[in-house]
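Topology and contacts: notes
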Amino acid sequence: MSNRRALGALRERPPGQLQLDDGMDRVLAEVATSGFALVRGALDDDDRRQLLAEATGERGRFLRVPARVNGVRQRADQLSLSVGDPRCPVVNGLARRLRDLLISCPDSHGQHRFDASQARYMRYRGAAGGLGAHRDGMCYGLLVAVYSVVGSAEFSVLPDGDGHTLRMLVEPGDLLLLRAPGFDGEPDGRRRHAVGPPLSGDERVSLTLRMVGRHGVHRRTDRRSAKAG
Ligand SMILES: O=C(O)CCC(=O)C(=O)O
């Protein structure tokens, strides 16, 4: 299928697609139900320009990732940063914005404890770029937030058992929220996902915010034992 036809087909079937105006409670309910939610237009052009300038400025030393990790094919360059590092004020501002969004609605899923500690840019180039099916590490708590900064790609969420792979187009400005251990009191809840090569232009850049630490993983067990007691 040509890139143009592929883009068209993906636009016609946008599962779990929401806007920030729909309200964070609706977005988080979707994450609790489906394991992910795609939020359109979470970054504006100015945000994206500033993020890209910061990533490609003097801190911008992207490194090639290993071609295979635990059997997962990877073709990308990455730039890892610590949230709070004064040398990346734009990323720090985005992490604060995400936190503000998460605490803007009642703590129905335990999301008030999310506080991103790690930021990772991924840059995919050419037809071979992308990541094979994988789950994020168990060491990342509550949510994984993937912002599309530059370019479009097919993002797939794979079924855990029977069921279909959900394919969606991620475009500049989109935020894809993935469930991580501890969200809604679930000990795991991670969805297997994959990302394809850039569909428009030569390059796609994403920025993922994660919180290191399995916060809240025992919440549901605690609730049960509190009831039993
Ligand atoms: O770049 C993306 O859109 C996805 C990144 C991802 O899945 C990961 O870093 O684990």
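The coordinates are above.
Residue indices follow the written sequence of each chain, beginning from 1 at its first position. Given that this is a predicted model, residues contribute local features only at a pLDDT of at least 70 and side-chain atom pairs are listed and counted only at 80 or more, while totals for whole chains, interfaces and linings are drawn from all residues.

1. Let's talk about the overall build of the protein
Looking only at helices and strands, the protein has five helices and 14 strands in total. Residue burial is a threshold on neighbouring C-beta atoms within 10 Å of the residue's own C-beta, all placed from the backbone, with 20 or more meaning buried, 12 or fewer meaning exposed, and counts in between meaning partly exposed. Counting across all 229 residues of the protein, residues that qualify as buried make up 37%. Within the protein, contacts between residues at least 6 apart in sequence are counted, and of these 75% link residues at least 24 apart. In this text, helices come from DSSP runs of H or I with a minimum length of four residues, and strands from runs of E with a minimum of two, each type numbered from the N-terminal end. Each residue gets a C-beta atom placed from its backbone, and two residues are in contact if those atoms lie within 7 Å.

2. Section: the site of the ligand
Met-122, Leu-131, Asp-136, Val-146, Phe-155, His-193, Val-195, Ser-206 and Thr-208 make up every residue found near the ligand. At the level of secondary structure, the elements contributing two or more residues to the shell around the ligand comprise strand E13 (193-195) and strand E14 (203-212). The class makeup of the residues in the shell around the ligand is five nonpolar, three polar and one charged. For each residue, a C-beta position is placed from the backbone atoms; the residue is near a molecule or strand when that point lies within 6 Å of it. Under the convention adopted here, Pro, Cys and the residues Ala, Val, Leu, Ile, Met, Phe, Trp and Tyr are nonpolar, Asp, Glu, Lys and Arg are charged, and Gly plus all remaining residues are polar.

3. Points about the environment of Ala-145
Considering the arrangement of structural elements, one finds Ala-145 in strand E9 (residues 140-150). For the pair Ala-145 and Thr-208, spaced 63 residues apart in the sequence, the C-alpha separation amounts to 5.4 Å. Once you skip the residues sitting within four places of it in the chain, Ala-145 turns out to touch Leu-98, Leu-175, Leu-177, Thr-208 and Leu-209.

4. Describing the nonpolar core
By convention in this section, buried Ala, Val, Leu, Ile, Met, Phe, Trp, Tyr and Cys residues joined through C-beta atoms within 7 Å make up a nonpolar core. Among the nonpolar cores identified, the biggest contains 55 residues, and Leu-143, Ala-145, Leu-176 and Leu-177 are the most heavily contacted of them. For this core, the leading source of residues is E9, giving nine residues.

5. Here we look at the sheet that holds strand E4 (residues 68-69)
The strand order across the open sheet built from six strands is E4-E5-E8-E13-E10-E11, with neighbouring strands paired in antiparallel fashion. The strands lining the two open edges of the sheet, one partner per strand, are E4 and strand E11 (166-170). Between any two strands, at least two bridges found by DSSP are needed for them to pair.

6. A word on the sheet that holds strand E12 (residues 175-179)
The strand order across the open sheet built from eight strands is E1-E2-E12-E9-E14-E7-E6-E3, with neighbouring strands paired in mixed fashion. Where the open sheet ends on each side, the last strands, each with one partner, are strand E1 (17-19) and strand E3 (63-64). Here strand E6 (residues 77-82) runs beside strand E7 (residues 118-125); their pairing, made up of six bridges, is antiparallel. For Gln-78, the partnering residue across the bridge sits in E7 and is Met-122. To define axes, lines are fitted to C-alpha atoms, for helices over the stretch in contact only, and angles between the resulting N-to-C directions are given on a 0 to 180 degree scale. Lying on the sheet, helix H3 (residues 45-56) is in contact with E6, E7, E9 and E14; it crosses E9 at an angle near 100°.

Any functional reading would require information that these geometric values do not contain.
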